[in-house]
Amino acid sequence: MKSMRSMLAALVLTVSAVSFANAQKLKAEDVVAKNLESIGTPEARAAAKSLIAVGNGTAKFLSNADLQSPGRIVIASEGTKFFFGINLESTTNRFADELYTFDGNTSSVGLPRQGNRSALGLFVQSNKMTIEQGLLGGTLSTAWVIANISENKGKLSFDGLKKVEGKEAYVLGYSKKGGGDVDVSLYFDKDTFRHIRTEYKRMSSAGIGLRPEDSTKYDETRFKLVEEFGDFRAESGLTLPHTYRIVYSTSGQRGTTEIEWKFTLNEFSANQKLEPTTFKAL
């Protein structure tokens, strides 16, 4: 029995070593090519001039399940142009609609009918690269950063193999031309190379007190935005996610806040004529 356990342990170490070695051989451009292949053939991707994805779901505070609101999401794109909208049935100001657009030159984060932007809206407003660089929404839009890396002129780095939600994934770091203060990590399933997750991290410096000794009372504020994609199925010749989850969290002097937007996408359409005003500032 001891001999068998030793053999199994050795086998596990061997498999792990091989996986690590294979991961080390990969480059960012290899992951890019494999991810594009996972979406569809070059012909299918080129044929999809525009894409619309629609779904239903909820927005809620993870710390309080009673604070939630049903809603509907629409993601529309044409080339690098992008529209992202979430319409919620909330009758309070705890939840707000999301309205983001990019027409290829100018981006906009619209002011929702509730009057004030949500925490997510404020994050996107402060970090417009999420919509201008084709990051938000992942492969659900034709603006997907990986498909337009030459136009975006961003930089990708291969950050190795990591486990996320119990699954192994290759990770690429992304930074826009000229840099920025948001750390972006793109996760790709180890076996299929499908894009399953994006993480955005940002840190805000601690506040400064009126007196030097007061400054120690202030903590740094950490912002984190996570997008998760799952249930990949064929739509219009492309393999696209049918579940989409966003989690926004902050932690700092005022404690921790976590808000989740979770949608099931059930309507897809490619090559629909989209009016130019779809992507104009709101």
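Source: prediction; values computed, not measured.

Caption draft 1: Layout of the nonpolar core. With 61 residues, the main nonpolar core has Phe84, Ile146, Leu172, Leu186, Tyr244 and Trp261 as its most contacted residues. Setting aside residues no more than four positions away along its own chain, Leu172 makes contact with Ala28, Val31, Val32, Ile146, Leu156, Ser157, Phe158, Asp159, Val184, Ser185, Leu186 and Phe188. Among the nonpolar cores identified, the runner-up in size contains six residues, and Ile52, Val54, Ala76 and Leu274 belong to it.

Caption draft 2: Fine view of helix α2 (residues 28-39). Spanning twelve residues, α2 covers 17 Å between terminal C-alpha atoms, matching the ideal 16 Å at 1.5 Å per step. Of all the residues in α2, the buried ones are Ala28, Val31, Val32, Asn35, Leu36, Ser38 and Ile39. For α2, the angular spread of buried residues about the axis comes to 155°, placing them on one side. Every exposed residue of α2 that faces more than 90 degrees away from the buried side is listed here: Glu29 and Glu37.

Caption draft 3: Quick peek at the layout of surface pockets. If you add up the space inside the largest pocket, you get close to 370 Å³. Broken down by secondary-structure element, the contributors of at least two residues to the lining of the largest pocket are β9 (195-204), β10 (221-235), β11 (238-252) and β12 (255-270). With four residues, β10 is the single largest residue contributor to the lining of the largest pocket. Of the residues belonging to the lining of the largest pocket, the class tally is six nonpolar, four polar and eight charged. For the second largest pocket, the lining is made up of 16 residues, of which Arg45, Ala48, Ser141, Thr142 and Ala147 are closest to its centre. Of all the elements in the fold, those that place two or more residues in the lining of the second largest pocket are α2, α3 (42-47) and β11. The residue makeup of the lining of the second largest pocket, split by class, is nine nonpolar, five polar and two charged.

Caption draft 4: Spotlight on helix α4 (residues 119-126). Taken as a whole, α4 has its buried residues at Leu120, Gly121, Phe123 and Val124. An end-on view of α4 places all buried positions within 160° of arc, on one side of the element. Capping of α4 at its N-terminal end is provided by Ser118; its side-chain oxygen lies 3.3 Å from the backbone amide nitrogen of Leu120.

Caption draft 5: Structural detail: the environment of Pro241. With respect to the secondary-structure elements, Pro241 resides in strand β11. When the C-alpha atoms of Pro241 and Gly230 are compared, they prove to be 5.2 Å apart, with eleven residues separating the residues in sequence. Sequence-distant contacts of Pro241, defined by excluding residues within four places in its chain, comprise Thr139, Leu140, Phe229, Gly230, Asp231, Phe232, Leu265 and Phe268.

Caption draft 6: How the structure looks around unusual backbone geometry. Located in the positive-phi region is Asp231, a residue other than glycine, with phi close to 50°. Structurally, Asp231 can be placed in strand β10. For Asp231, a relative accessible area of 40% translates into the label partly exposed.

Cut-offs used in this document
Residues numbered from 1 in each chain as written. Predicted model: local features only at pLDDT ≥ 70, side-chain atom pairs only at ≥ 80, totals over all residues. Heavy atoms only, no water. Core = buried A, V, L, I, M, F, W, Y, C linked by side-chain atoms within 4.5 Å. Buried < 20%, exposed > 50% of the residue type's maximum accessible area, 1.4 Å probe, protein only. Contact = heavy atoms within 4.5 Å. Helix = DSSP H or I, 4+ residues; strand = E, 2+ residues; numbered from the N terminus. Expected span 1.5 Å × (residues − 1). Arc of directions from axis to C-beta. 1 Å grid on protein atoms, 1.4 Å probe; cavity = no way out; pocket = protein on both sides within 12 Å on 5 of 7 lines; lining within 4 Å. Points joined across faces, edges and corners; volume = space filled by probe spheres on them. Nonpolar A, V, L, I, M, F, W, Y, C, P; charged D, E, K, R; others polar. Polar contact = N/O pair within 3.5 Å; in protein donor to acceptor, adjacent residues only side chain to side chain.

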